[in-house]
Amino acid sequence: MPLNVEKVKYPLAAPATLPDVHDFASWLLAPAHRIPPKPTRPGLQAVLFDLDGVLVDTAAFHYHAWKHLADELTLPFDENLNRSFRGVPRMACLDLLLGEHARYFAIEEKTVLAERKNGYYLDQVRTLRPEDAAPGARDLLTELRAAGVRTAVVSASKNARLVLDLLRLADAFDTVVDGGDVTRGKPDPQCFLKAAATLRTAPQRCLVIEDGEAGIRAARAADMPTVGIAPVRGAQRSVGGLTDLSLPFLDAPYATP
Ligand code: G6P
Ligand code: MG
């Protein structure tokens, strides 16, 4: 049924400047305009990229931030524990850090500690520059877009959009699913299925690039083929970095013999 613009009431949050009712109607309908058509490309239709450790090397930032907090709490923390945090949401990482002590902390206290860690992390993240994007990332994204393959960032991080902005990569992706968009973090498949639905691609036509075991498990649970950056347990194929990837390589699982 066509929209009767005369009957549309301005919601309280309407933008301050609305020149006329037709502009208002297109503003109101804009989200519907952004729904992409169903892809028709044979084979691979979307590549879903993890952010931390795939598109940018933030592992040291996370390590130093958690180490700072651990030292303040006089808790042990090392590279091994930091590695097990890959792809794991912030509060779940805090529980892993607190270990057997976790039950003595109220949720409010844990929230303060997690925020403190995030402050230490952000102090370092703010130094990111476009040239800090992983080698090969921009070329690969250009190649995929030229071939009509859709792209997404699917990250457990609530800082994902900030990091993409600092790297000037935000416009290179068709959609972003971050830690604030889901109710269950990796290894639950929710984040990857949400990206596939937004891109209107079947999960089996989405390939996931991940550096963390939790992410690989989430992708496998979503029925998506996986490529690990450096060896990751459970990944079907692994490469050293994005410079090793090309469209023919990513398309290979779909190639007909
Ligand atoms: C990524 C990192 C994890 C981190 C998580 C949450 O998945 O690999 O180590 O814990 O994001 O990040 P955030 O920026 O929201 O604390
Ligand atoms: Mg990662």
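For the structure, check the block above.
Since the structure is predicted, the reported quantities are computational estimates derived from the model, not experimental observations.

Cut-offs and rules
Each residue is numbered by its place in its chain's sequence as written, counting from 1. To read the labels, note that chains go from A and ligands from 1, taken in the order they are written. Under the rules for a predicted model, residues below a pLDDT of 70 receive no local features and side-chain atom pairs below 80 are neither given nor counted, while totals for whole chains, interfaces and linings still include all residues. Remark: hydrogens and water are excluded; side-chain values derive from all non-hydrogen atoms of the structure. Strands are runs of DSSP state E lasting at least two residues, helices are runs of H or I lasting at least four, and both sets are numbered from the N terminus onward. Helix span, as expected, comes to 1.5 Å for every residue beyond the first. For the exposure calls, accessible area comes from a 1.4 Å probe over protein chains only, and a residue counts as buried if that area is under 20% of its type's maximum, exposed if over 50%, partly exposed in between. Contacts were defined at the residue level, with two residues in contact if any of their heavy atoms lie within 4.5 Å. Working convention: axes come from line fits to C-alpha atoms, limited for helices to the stretch in contact. Angles between N-to-C directions cover 0 to 180 degrees. By the definition adopted for this analysis, an angle is roughly parallel if under 35 degrees, roughly antiparallel if over 145, roughly perpendicular if from 65 to 115, and oblique otherwise. The nonpolar class holds Ala, Val, Leu, Ile, Met, Phe, Trp, Tyr, Cys and Pro. Asp, Glu, Lys and Arg form the charged class, and all remaining residues, Gly among them, are polar. Listed donor atoms are N, O and S within 2.8 Å of the metal (Na, K and Ca: 3.2 Å). As water is not included, a site may look incomplete. One speaks of a salt bridge when a side-chain nitrogen belonging to Lys or Arg is within 4 Å of a carboxyl oxygen belonging to Asp or Glu.

Asker: Quick one: what's the story with helix 2 (residues 59-72), residue by residue and with numbers?
Answerer: Here helix 2 contains 14 residues, and its C-alpha end-to-end distance of 20 Å stays within 8% of the 20 Å for a straight helix at 1.5 Å per residue. Buried within helix 2 are the following residues: F61, H62, Y63, A65, W66, L69 and A70. Where the residues of helix 2 are buried, they touch helix 3 (79-84), helix 4 (90-98) and helix 5 (107-125). Downstream of helix 2 by one or two residues, T74 has phi in the positive range, about 50°.

Asker: Residue-level account of the packing of helix 4 against helix 5, with values.
Answerer: Running from N to C, helix 4 and helix 5 cross one another at 105°; their axes reach a closest spacing of 10 Å. Regarding the angle of helix 4 to helix 5, the classification is roughly perpendicular. Between helix 4, through R90, M91, L94, D95 and L98, and helix 5, the contact on the second element is made entirely by I107, K110, T111, L113, A114, E115 and N118. Its residues assigned to classes, the contact of helix 4 with helix 5 comprises 6 nonpolar, 2 polar and 4 charged.

Asker: Describe the coordination of the magnesium ion (ligand 2), and please don't skip the residues or the numbers.
Answerer: Between any two of four tetrahedral donors, the ideal angle at the metal is 109.5 degrees; between two of six octahedral donors, it is 90 or 180 degrees. The protein atoms that coordinate the magnesium ion (ligand 2) are D50 (OD), D52 (O) and D211 (OD), at distances of 2.0 to 2.2 Å. All donor residues of the magnesium ion (ligand 2) come from one chain, and their arrangement in sequence is D-x1-D-x158-D. Of this pair, D50 sits in the loop between strand 1 (46-49) and helix 2 while D211 is found in the loop between strand 4 (206-210) and helix 9 (213-221), placing the two residues 161 residues apart along the sequence. Note on accessibility: D50 and D211 belong to one class, buried.

Asker: Explain helix 8 (residues 190-199) to me, using residue names and the numbers behind them.
Answerer: Helical periodicity: at 3.6 residues per turn, an α-helix aligns residues three or four positions apart in one direction. Inspection of helix 8 places Q190, C191, F192, A195, A196 and L199 among the buried residues, and these make up the whole buried set. Those residues of helix 8 that are buried lie in contact with strand 1, strand 2 (150-154), strand 3 (175-177), strand 4 and helix 9. Residue R200 follows helix 8 closely and has a positive phi angle near 60°.

Asker: Just give me the short version of the pattern of salt bridges, but keep the residues and values in it.
Answerer: When charged atoms on two side chains of opposite charge get close, those side chains can pair. All told, the structure shown has 14 salt bridges when counted by the stated rule. Between K67 and D71 there is a salt bridge, with the nearest N and O atoms lying 3.2 Å from each other. With K67 and D71 both in helix 2 and 4 residues apart, this pair spans about one turn of that helix. Take K67: its relative accessible area is 26%, and that puts it in the partly exposed class.

Asker: Describe the environment of T142, and please don't skip the residues or the numbers.
Answerer: Within the element layout of this structure, T142 appears in helix 6 (residues 137-146). For T142 and A172, which are 30 residues apart along the polypeptide, the C-alpha to C-alpha distance reads 8.1 Å.

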